[in-house]
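# Working through the structure, step by step
Here is what each chain is made of, one letter per residue.
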Amino acid sequence: MTTAEAILRLEVLPASRLSHLAGDGQGSMLGGACFSHPARALDAGTLPLLAVDMRLPAGDEAICEVWHCAEPLTSGQHGPIRYRQGDTLLYGCMSLDEATLQDARSPLQATTEAAYLAIFELLEARGFHTVLRVWNYFPAINRESHAMERYRQFNIGRQDAFLAHGRSVVDKVPAACALGSAGGGLHIAFLATRADVVGVENPRQLSAYHYPSQYGPRSPTFARAGLVRLGGRDMLFISGTASIVGHQTLHHGDVAAQTRECLHNIAAIVAEANRQAPGAGFRLDQLAYTVYVRHAENLAAARHEMAQFVDAPVSVVFLQADVCRADLLVEIEASGGHAIGPSQVDRSTGSTPCPTTIV
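Residues numbered from 1 in each chain as written. Predicted model: local features only at pLDDT ≥ 70, side-chain atom pairs only at ≥ 80, totals over all residues. Heavy atoms only, no water.

Y116 and I119 are the most contacted members of the largest nonpolar core, which has 41 residues in total. Looking at this core, the elements with two or more residues in it are β6 (81-85), β7 (89-96), α2 (107-126), β8 (130-139), α3 (150-164), β11 (175-181) and β12 (186-193). Among the elements that make up this core, the one with the highest residue count is α2 (eight residues). Formed by 36 residues, the second largest nonpolar core is a distinct cluster that contains W135, Y137, M235 and V317. (Core = buried A, V, L, I, M, F, W, Y, C linked by side-chain atoms within 4.5 Å. Buried < 20%, exposed > 50% of the residue type's maximum accessible area, 1.4 Å probe, protein only. Helix = DSSP H or I, 4+ residues; strand = E, 2+ residues; numbered from the N terminus.)

Okay, structure coming up:
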């Protein structure tokens, strides 16, 4: 792997430290998201920071995932989007209430389409041609309303926005996740770049954008991962990854087996990324992970499986969230190649101590 200095760094820290960091280090802060239940109001000035209502393991403090960038940065606002950008990277976020419209679309579908249209308009205005990574959070993701599951409504709105802007929905799509929050509206954060991004698919899985119609009238518009070269370093952004092989859910009701299957899928994505970028040398023990577990009582099992599968301390954040299919109990996302200032898993207990910054 190249030793070039990373222009991008991920830091995980308690929300209580955020105001101090924003005061001292705002020059390098690109943006991020903070998770707590209920969502905490953030005093972050012009920084694009989401406040997401999401449950954490019992006793854990509200936590933030913050991206830093070594480029000179400026902040701005475009409609509902707060953003911060450098020469090659832009991070933006927005929080929207679901619209009430007098038409055939559901409020979530309409709000999702409007949100993604705003993203594409901003990127065109600022000269960023590629969306690298998107994080989507909204409540009751598996609930049915307007005669359709809400995740499927979201997929229609997202794809309609891609099509309206002439963007492909089967190739050159970003890495992404969509999780069910505990409350609030539609929260979206995204990372865009002027660099070229290569989509990475998992040979163990059917590409999500080719899913059959049994999963909804529109396929999910995301790649399994995005591979990009920034500042002389290869970086990998792995989408939310679940216990799916082909297009089917495996290990119904078994969170330990589902966690292992997630990690096998991530390992396959890493191997494919290394095939496409032979000098990258991505490794499972050098990634930063976020693990979403549906039920609080399953957190310990997911922690144990993570500690057993990845044979080293790694940066891991555990959150409680609903996953995009009702039969999925866990979802894991990851990224690597950038610098990481992580919390670490204690392999003797599977517990996650207070996050620390490691540069």
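A few words on the pairing of strand β15 (residues 233-241). Here β15 lies mainly inside the structure; nine of its nine residues are buried. Bridging between strand β14 (residues 225-230) and β15 involves six bridges; their strand directions are antiparallel. Bridging from a neighbouring strand, V228 pairs with M235 of β15. The turn joining β14 and β15, which pair antiparallel and follow one another in sequence, is formed by two residues; a positive phi near 60° is taken by G231. Strand direction decides the pairing type here: β15 and strand β20 (residues 330-336), joined by four bridges, are antiparallel. When the sheet's bridge partners are listed, F237 is paired in β20 with S335. (Pairing = 2+ DSSP bridges.)

Under the defined criterion, the tally for this structure stands at one disulfide. Paired through a disulfide, C34 and C64 show a sulfur-sulfur distance of 2.0 Å. Sign of the S-S torsion, about 105° for the bond between C34 and C64, identifies this disulfide as right-handed. You can see C34 sitting in strand β2 (residues 29-36) and its partner C64 sitting in strand β4 (residues 63-69), a full 30 residues away along the chain. Overall, C34 belongs to the buried group, its relative accessible area being 5%. No disulfide involves C69; its sulfur sits 16 Å from that of C93, the nearest cysteine. No disulfide involves C324; its sulfur sits 9.9 Å from that of C177, the nearest cysteine. Relative accessible area serves as the criterion here: at 14%, C324 is assigned to the buried category. (Disulfide = S-S within 2.5 Å.)

Turning our attention to the packing of aromatic side chains. Scanning all chains against the criterion turns up eleven aromatic pairs. Judged by centre distance (6.5 Å) and plane angle (70°), the rings of Y116 and F154 are edge-to-face. You can see Y116 sitting in helix α2 and its partner F154 sitting in helix α3, a full 38 residues away along the chain. Neither Y116 nor F154 differs from the other in exposure class; each is buried. Ring geometry for Y116 against F162: centres 6.1 Å apart, planes inclined by 40°, an arrangement best described as tilted. Of this pair, Y116 sits in helix α2 while F162 sits in helix α3; the two residues are 46 residues apart in sequence, bridging distant segments of the chain. As far as the burial class goes, Y116 and F162 line up, both buried. Chaining the aromatic ring pairs together yields one cluster made of Y116, F120, F138, Y151, F154 and F162. A cation sits over an aromatic face here: R194 above F128, 4.0 Å from the ring centre. Note that R303 overlies the ring of F318, its terminal NZ or CZ placed 5.1 Å from the centroid. (Phe/Tyr/Trp six-rings, centres within 6.5 Å; stacked < 30°, edge-to-face > 60°. Lys NZ or Arg CZ within 6 Å of the ring centre and 35° of its normal.)

Bringing the pattern of salt bridges into the picture now. Taken as a whole, this structure holds 14 salt bridges when the rule is applied. The residue E11 makes a salt bridge to R17 at a minimum N-O spacing of 3.8 Å. Taking the relative accessible area as the measure of exposure, E11 reaches 2% and is therefore buried. Take R17: its relative accessible area is 34%, and that puts it in the partly exposed class. Close ionic contact of R260 with E305 constitutes a salt bridge, the shortest N to O distance being 3.2 Å. Note that R260 is positioned in helix α4 (residues 255-276) and E305 in helix α5 (residues 299-309), a separation of 45 residues in sequence. Using a relative accessible area of 10% as the deciding quantity, one classes E305 as buried. (Salt bridge = Lys/Arg side-chain N within 4 Å of Asp/Glu carboxyl O.)

A word on the confidence of the model for the protein. Across the protein, the average pLDDT comes to 90, with 90% of residues at or above 70. Low pLDDT (under 50) marks residues 342-359, which in the prediction has 49 contacts with non-local residues, meaning those over four places away or in another chain. (pLDDT = per-residue confidence, 0-100. Contact = heavy atoms within 4.5 Å.)

With that settled, consider the sheet that holds strand β21 (residues 339-341). In spatial order, the strands read β3-β2-β4-β1-β21; together these five strands make up an open sheet with mixed pairing. Pairing within the sheet leaves two strands with one partner each, and these edge strands are β3 (49-53) and β21. Between one strand axis and the next, the sheet turns by 15° as a mean value, whatever way the strands run. Pairing between strand β1 (residues 8-14) and β21: three bridges, direction parallel. Across the sheet, residue R9 finds its bridge partner in β21, namely A339. (Axes fitted to C-alpha atoms, helices over the stretch in contact; angles between N-to-C directions.)

Spatially, six strands are ordered β5-β6-β7-β12-β8-β11 in an open sheet, and the strand pairing comes out mixed. Either end of the sheet is taken by a strand with one partner, and the two such strands are β5 (74-78) and β11. Strand after strand, the sheet turns through a mean of 15° between neighbouring axes, direction not considered. Both β8 and β12 contribute to a ladder of seven bridges, which runs antiparallel. Of the residues in β12, the one forming a bridge with W135 is A189. Its contacts with the sheet place α2 against β5, β6, β7, β8 and β12, and it is angled at close to 25° to β12.

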